[in-house]
Amino acid sequence: MPAELRDVYEQQYSASDADARRYGAWRELCAQGKADHVTRLIAALPERPRTIADVGCGDGVLLTLLGRRGVGEVRHGYELSERAVRLAEGRPEIARVERFDGESLPVADGSYDLGVLSHVLEHVPDPLPLLRETARACRAVVVEVPLEDNLTASRPSAQAGRDAIGHLHRFSRGDVRALIAAAGLDVAAELTDPLPRTVHTFFAATATARIKAEIKAAGRRIVFSLAPRPAERLFTVHYACIGVPSAA
Ligand SMILES: C[S@@+](CC[C@H](N)C(=O)[O-])C[C@H]1O[C@@H](n2cnc3c(N)ncnc32)[C@H](O)[C@@H]1O
């Protein structure tokens, strides 16, 4: 992967002191929703997964929260960023963390019951090979991405925000489902989430910003509850699905 993209990930995990605590709290807040999604989606599998690989695991917080919920018995993380690997290695819920090249997993076919690609594919220049590689190594795969092919996210300011955090793709639900199919998987279950109030308000630094964030969160929840599919075309929701080997 290009060096400048690699630097984006190193920087995201390299904040010091107060910033590190703040970003750590942010990642943990977001991971609560992600862990809820994985827990819901694995109900579609015939058996609860025992072994889990989190591919692009970041600082390992999602595996930690899954561990605390009793999801999986053996949890491994694979990650590009050296700094994130060091953060993840310190977590007792994770048996092993390995630095990987973003392309290949050093394991035999079907080594894991479940693979997780959480907020990874939108960062990868060509996402299909990594999804195929995860599907090779894992007997089922949870994919979660933000659906950013919508009206609100098409504003130039939104594009600048995506550039800063390394999003290379603006996926629609159809795009993700096409990737899943191209990787030889069927979608066994899927969900979308407009995200809770706490996520929308986390970075609001002033009373005014907080009120605006509260209104935005409430408005989105109302629209989403009335018309979830059209809502995807208006603003960003998170989409998660579980893919299993295609029956075809
Ligand atoms: C936003 S973080 C997500 C971390 C974690 N999965 C989560 O949900 O919090 C994006 C992750 O994508 C992975 N990633 C970014 N670019 C990649 C690439 N080109 N190939 C493979 N993985 C990549 C990195 O490991 C990075 O930690």
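Whatever comes next refers back to the structure up there.
Residues numbered from 1 in each chain as written. Predicted model: local features only at pLDDT ≥ 70, side-chain atom pairs only at ≥ 80, totals over all residues. Heavy atoms only, no water.

Draft legend 1. Focus on the layout of surface pockets. When its volume is computed, the second largest pocket comes out at roughly 200 Å³. If you go around the second largest pocket, the residues you meet are Leu45, Pro46, Glu47, Arg48, Pro49, Asp113, Arg139, Ala140 and Val244. Split by residue class, the lining of the second largest pocket holds 5 nonpolar, no polar and 4 charged. (1 Å grid on protein atoms, 1.4 Å probe; cavity = no way out; pocket = protein on both sides within 12 Å on 5 of 7 lines; lining within 4 Å. Points joined across faces, edges and corners; volume = space filled by probe spheres on them. Nonpolar A, V, L, I, M, F, W, Y, C, P; charged D, E, K, R; others polar.)

Draft legend 2. Up close: the site of the ligand. Taken together, 17 residues form the shell around the ligand, and within it Lys34, Gly56, Glu79, Ser118 and His119 come nearest. The side chain of Lys34 places a nitrogen or oxygen atom 2.9 Å from an oxygen atom of the ligand. Here a nitrogen atom of the ligand and a backbone polar atom of Gly56 are 2.6 Å apart. When the free accessible area of the ligand is taken as 600 Å², the share hidden by the protein chains comes to 92%. Grouping the amino acids of the shell around the ligand by side-chain chemistry returns 9 nonpolar, 6 polar and 2 charged. (Near = heavy atom within 4 Å. Polar contact = N/O pair within 3.5 Å; in protein donor to acceptor, adjacent residues only side chain to side chain. Areas by Shrake-Rupley, 256 points an atom, 1.4 Å probe, with all protein chains shown as cover.)

Draft legend 3. Highlighting the pattern of salt bridges. Inspection of the entire model under this criterion finds 19 salt bridges. Here Glu214 ties to Arg210 by a salt bridge, and the two come within 3.8 Å at their closest N and O atoms. In this pair, Glu214 and Arg210 are both assigned in helix H9 (residues 207–226), 4 residues apart and thus about one turn of the helix distant. Judged by its relative accessible area of 38%, Arg210 is partly exposed. In this structure, Glu232 and Arg229 form a salt bridge, with 3.7 Å as the shortest nitrogen-oxygen distance. Remark: Arg229 and Glu232 occur in helix H10 (residues 228–234); sequence separation between them is 3 residues, near one turn of the helix. Through salt bridges with shared partners, one network takes in Arg173, Arg177, Glu190, Arg229 and Glu232. (Salt bridge = Lys/Arg side-chain N within 4 Å of Asp/Glu carboxyl O. Helix = DSSP H or I, 4+ residues; strand = E, 2+ residues; numbered from the N terminus. Buried < 20%, exposed > 50% of the residue type's maximum accessible area, 1.4 Å probe, protein only.)

Draft legend 4. Representation of the nonpolar core in the model. Among the nonpolar cores identified, the biggest contains 34 residues, and Leu117, Leu121, Leu130, Leu131, Val141, Val143 and Val176 are the most heavily contacted of them. Only strand S1 (51–55), helix H5 (127–137), strand S5 (141–147), helix H7 (173–182) and strand S7 (237–245) provide two or more residues apiece to this core. With 5 residues, the top contributor of residues to this core is H5. Excluding residues that lie within four positions of it along the chain, Leu130 makes contacts with Val55, Phe100, Gly102, Glu103, Leu117, Val120, Leu121 and Val124. Judged by nonpolar contacts, the second largest core, of 25 residues, contains Leu41, Leu45, Ala88 and Val142. (Core = buried A, V, L, I, M, F, W, Y, C linked by side-chain atoms within 4.5 Å. Contact = heavy atoms within 4.5 Å.)

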